[in-house]
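Secondary and tertiary structure notes
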Amino acid sequence: MKFVGFGFLVAAAAMAGFQAHAADKPLIGIVSIAATEANNVRYINGAKKAAEELGYDVSVVDAAGSADQANAAIQNFAQRSAFAIADLVFPASSIGAGLDAAKQANIPVVTWGGGLGLSVAATNGSGAPIAEPVIQKMIDDMGGKGELLALTYHTGEVCRNREALMDQMLQKYPDIKVTKNEVRIPGYFEDGAQYANAWLASHPPGDGKLAIWGCWDDPAIGAIGSLRSQSRDDVTVYGVNGNAQAIENIKNGHMTATAWEDSYTEGYNMIKLVADIKKAGADWKPKAVEVPAVLITKDTVADFLKQHPDAVQ
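So, here is what we can say about the structure in this document. Since this is a predicted model, take the numbers as computed values, not measurements.

Before going further, it helps to examine the environment of glutamate 132. Residue position: glutamate 132 is located in helix α5 (residues 127-142). As a C-alpha pair, glutamate 132 and proline 309 span 177 residues in sequence and 24 Å in three-dimensional space. Not counting the four nearest positions on each side in its chain, glutamate 132 is found in contact with Leu165 and Met169.

As structure tokens, this is what we get:
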């Protein structure tokens, strides 16, 4: 008799256990660009709540900013015969191998901020619509002139779209001079602080209107650490997503504004939609199911928290 390795037996037992479990509960696979980032966490929690109500299991993979890892995770979920797969932030164009594997297995893929395209069935959390109100406020606060540090991230579809919208809106304001720096995932807090330090060194107090914008809250929050350590209160700071730290910074006067994205509802709604997608099969028409953003400033933060106390939990 041929020797069968212990590792093979363990893997076979695990697969058998999974298959038995999968027969009871359909699996929703979630592939996140940064599963510990606050907005991703809210989306995942909303998705898990909807899955619980529908009797689905949820498995989350943190791809840590790597499209290669995202593709591998989607392919793995396809091999596991998942009921559906949710891609968080990776653009459809960067997960083609995963989408192809899911398509071959007849498994729908939905995206959060990844956009429509290829075989994606539905999307929400699109970057540009959520960022528009906070970009407009930033331009208004600057009076159409000054110096801006933009903290960008090109791997994610959401940030690329937000940056493109900012560039489009700034075309009307040539007197706003923009410096762009690319942050990493992981490492966005540290990068935000580092780039802010370098930028502040060449932009002393009294150097006109100064602002820092993050394509999501966390790089801007990193920049706030540098501002506070240098006692700089002459720079306005803007983020997008409205995570708990950003809201606290607005309450405390360290951040000027953010656009709150109700990612919990986005995750909840998307998983609720999966059953319809599966039922429709080949008749399903890809679509966006967006949830509007809410602008939060020092003037509105108190009322916002009365309506959404869970936003800082």
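It is worth spelling out the pattern of salt bridges at this point. Per the stated rule, a full pass over the model turns up nine salt bridges. With its nearest N and O atoms 2.9 Å apart, the salt bridge here joins glutamate 53 to lysine 272. Here glutamate 53 is found in helix α2 (residues 38-54), whereas its partner lysine 272 is found in helix α10 (residues 263-280), with 219 residues between them in sequence. Of the residues examined, glutamate 53 reaches a relative accessible area of 41% and is grouped as partly exposed. Measuring nitrogen to oxygen at the nearest pair gives 3.0 Å for the salt bridge that ties arginine 160 to glutamate 157. In this pair, arginine 160 and glutamate 157 both sit in helix α6 (residues 157-170), three residues apart, roughly one turn of the helix. You can call arginine 160 partly exposed: its relative accessible area is 30%.

Within the open sheet, the six strands sit side by side as β7-β6-β8-β9-β10-β12. Their pairing is mixed. Two strands lie at the open edges of the sheet, namely β7 (176-182) and β12 (294-297), each paired on one side alone. Neighbour to neighbour, the strand axes of the sheet diverge by 20° on average, direction disregarded. When strand β8 (residues 210-214) meets strand β9 (residues 235-241), the two strands line up parallel, connected through four bridges. Each bridged residue has a counterpart across the sheet, and for isoleucine 212 the counterpart in β9 is valine 237.

Okay, unusual backbone geometry next. Residues other than glycine predominantly adopt negative phi, and peptide bonds predominantly adopt the trans conformation. In this model, isoleucine 185 is joined to proline 186 through a cis peptide bond whose omega is -5°. Along the polypeptide, proline 186 turns up in the loop between β7 and α7 (188-201). Unlike most non-glycine residues, valine 89 shows phi in positive territory, near 90°. On the secondary structure map, valine 89 appears in the loop between β3 (84-88) and α4 (96-104).

Criteria and cut-off values
- Residues numbered from 1 in each chain as written.
- Predicted model: local features only at pLDDT ≥ 70, side-chain atom pairs only at ≥ 80, totals over all residues.
- Heavy atoms only, no water.
- Helix = DSSP H or I, 4+ residues; strand = E, 2+ residues; numbered from the N terminus.
- Contact = heavy atoms within 4.5 Å.
- Salt bridge = Lys/Arg side-chain N within 4 Å of Asp/Glu carboxyl O.
- Buried < 20%, exposed > 50% of the residue type's maximum accessible area, 1.4 Å probe, protein only.
- Pairing = 2+ DSSP bridges.
- Axes fitted to C-alpha atoms, helices over the stretch in contact; angles between N-to-C directions.

Everything listed here is a matter of coordinates, which is why it stays silent on function.
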